[in-house]
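Residue-level structure breakdown
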Amino acid sequence: MTTKKVSHVVKRPGLRLKDPDYEIPVAEDLVTTPGIRQNQKDVDFYSRSYPLESQNIEYTADRSWVWTVYSPEEEESHLEHERLQAPVVNAAATSADVAPTAAPTGKDVTEEIKTKARELGFGEVGMTRYDRRYTFKYKKRWTRFEHAICLAYEQDYERTQSIPSSFAEYTHFGTYRTMSQLGLMMADYIRSLGYHAQVHSPNDNSAPYIPMFVAAGLGQLGANGQLLSPHFGSRARLMVITTDAPMTYDQSVDYGIHKFCEVCQVCVNRCPGRALMRDKVWWRGVEKHKLVYERCRPVMARYSGCGVCMKVCPIQKYGMKPVMEHYVETGEVLGKGSHELEGFSIEGKGYFGPGQLPHFNHDFFEIPHGRSEDLLFEQFKEKLSNHEIPDGPAGDEALRSFKKRVEEILAEPETDSMFAVMPEEA
Ligand code: SF4
Ligand code: SF4
């Protein structure tokens, strides 16, 4: 048994309000940098020249395709979630315009806001600047206020361990609905302090939120592409509230995750779609493990949102403190190689223990890519080059039907939420 030298101990508040502090030892050989390695000039360049866009805008072709592979039960549960969530998404969408209900005092309200968030049940809360470099193109004019309150809500432990399953997927939806309601309550509270609050609903994201959570010291990015938060790892569901309330920003933290993921690699080895990468790459000015979307999406769509990469992460399963303590004491990854951590079942394919993965043939990964209108154009072009569109009335009819379909697609609202009625962007 090797006991490793500890570089530093990260002290975080306990999971619940009155719990004692949670102390995470970081072994010397895991130290890299607080937060994440970035090249600020590159982040600036990419955000200016190639601004991010929401997956639900850029990838409408596969967003439509997924409905063709859902079972009737899954289709209904997705629709039900969208219906139930729509009023909350609508309320969040207009929340920036709601006036404060008291006069502002001008004093720093960081502690009041953090205490309220934790009373409402958010397990992690931190403050940082709302980093507009990550804002999706279609949300640029919607997003208001410079300060970001990062709020993480814990998804139920037991249900998460049943991943991949419709049971776990309903839990994921239910967690979003619960935290969205709590987010609206948080916004009311901030207004009662005299300030504005804009709720960035988890069903209608304005940006990828993980960079801001990392900046606020609430975890680091794991090889599974998820925030590894101290208490519940990647079981954290994330949302943001922006505000003009005076506050003090938190600092990013080195929890040792970047090096730990290099040692661990459990999610990389267990991903049924082989969508996760062993090594980090530099991407848009950030050094990170990059997920291959085209390998993940077909699995997620067909197997209840998949999520094996969340389920098998030891930090999700055991919490960061026991995992890092175990590493300091033994130099090993807690649970690695065990059925308890690594085992999962895939409906129709059976159980897969450590070292075993399901097999999917090439066709399984053939799904439509890009925007629906671009795909339609590509299909039309192909028919033209194959001389499948004749001259005369039949050709005219094909052109008319192409035009009608493009118009229908372009008329669809630009939103992440199917039933939400989005306000006109300012
Ligand atoms: S959701 Fe499933 S397929 Fe996608 S990266 Fe995670 S484990 Fe792999
Ligand atoms: S499973 Fe291991 S490698 Fe993957 S994110 Fe979790 S700690 Fe990192």
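Residues numbered from 1 in each chain as written. Chains lettered and ligands numbered in written order. Predicted model: local features only at pLDDT ≥ 70, side-chain atom pairs only at ≥ 80, totals over all residues.

Side note on the overall build of the protein chain
Counting its regular elements, the protein chain contains 17 helices and twelve strands. In terms of overall size, the protein chain behaves like a compact globule, its C-alpha atoms giving a radius of gyration of 23 Å where 426 residues would be expected to give roughly 22 Å. Its C-alpha atoms put the protein chain at 80 × 60 × 45 Å along the principal axes. (Helix = DSSP H or I, 4+ residues; strand = E, 2+ residues; numbered from the N terminus. Rg over C-alpha atoms; globule rule 2.2 N^0.38 Å.)

Some remarks on the site of ligand 1
Around ligand 1, the structure places 13 residues, and the nearest of them are Cys271, Gly273, Cys296, Cys306 and Cys309. Every element with two or more residues in the shell around ligand 1 is listed here: helix H11 (293-302) and helix H12 (308-311). The element best represented in the shell around ligand 1 is H11, accounting for three residues. Its residues assigned to classes, the shell around ligand 1 comprises eleven nonpolar, two polar and no charged. (Near = placed C-beta within 6 Å. Nonpolar A, V, L, I, M, F, W, Y, C, P; charged D, E, K, R; others polar.)

Concerning the domain arrangement of the protein chain
When cut into domains, the protein chain gives domain 1 (1-371) and domain 2 (372-411). Put simply, the middle of domain 1 and the middle of domain 2, counted by C-alpha atoms, are 40 Å apart. The partner domain 2 presents four residues to the six residues of domain 1 that form the contact. When the residues that make up the side of domain 1 that touches domain 2 are grouped by side-chain class, the tally is two nonpolar, three polar and one charged. (Domains from an automatic or database assignment. Contact = placed C-beta atoms within 7 Å.)

A word on the environment of Ala117
Counting through the fold element by element, Ala117 comes out in helix H5 (residues 110-120). Separated by 34 residues in the primary sequence, Ala117 and Leu151 have C-alpha atoms spaced 7.7 Å apart. Contact partners of Ala117, with chain neighbours within four places excluded, come to Phe122, Val125, Leu151 and Met186.

Digging into the site of ligand 2
What surrounds ligand 2 is a group of 14 residues, the closest being Gly222, Cys261, Cys264, Cys267 and Cys313. Counting only elements with at least two residues in the shell around ligand 2, the list comes to helix H9 (257-264), helix H10 (266-270) and helix H13 (314-318). Among the elements that take part in the shell around ligand 2, H9 stands out by supplying three residues, more than any other. For the shell around ligand 2, the per-class residue count stands at eleven nonpolar, three polar and no charged.

Some remarks on the sheet that holds strand S3 (residues 124-129)
Strand order in the open sheet formed by four strands is S3-S4-S8-S5, with antiparallel pairing between adjacent strands. A strand with exactly one partner marks an edge of an open sheet, and here the two such strands are S3 and strand S5 (197-200). Mean inter-strand twist for the sheet, computed between neighbouring axes without regard to direction, equals 25°. Sheet topology note: the S3/strand S4 (residues 147-154) ladder contains six bridges and is antiparallel. Each bridged residue has a counterpart across the sheet, and for Val125 the counterpart in S4 is Leu151. (Pairing = 2+ DSSP bridges. Axes fitted to C-alpha atoms, helices over the stretch in contact; angles between N-to-C directions.)

With respect to helix H7 (residues 166-192)
At 3.6 residues per turn, the α-helix brings residues three or four places apart onto the same side. Between its first and last C-alpha atoms H7 spans 39 Å; for 27 residues at 1.5 Å apiece the expected length is 39 Å, and the two agree. All of the buried residues along H7 are Ala168, Glu169, His172, Thr175, Tyr176, Met179, Ser180, Gly183, Met186, Ala187, Tyr189 and Ile190. Residues of H7 that are buried in the fold lie against helix H4 (72-93), H5, S4, helix H6 (157-160), S5 and strand S8 (236-243). A positive backbone phi angle near 105° is found at Gly194, which sits one or two residues after H7. (Expected span 1.5 Å × (residues − 1). Buried ≥ 20, exposed ≤ 12 C-beta atoms within 10 Å, placed from the backbone.)

Some details on the environment of Gln181
As for its placement among the helices and strands, Gln181 is situated in helix H7. Residue Gln181 is classed as partly exposed on the basis of its 15 C-beta neighbours within 10 Å. Taking C-alpha positions, Gln181 is 21 Å from Thr160, a pair spaced 21 residues apart along the chain.

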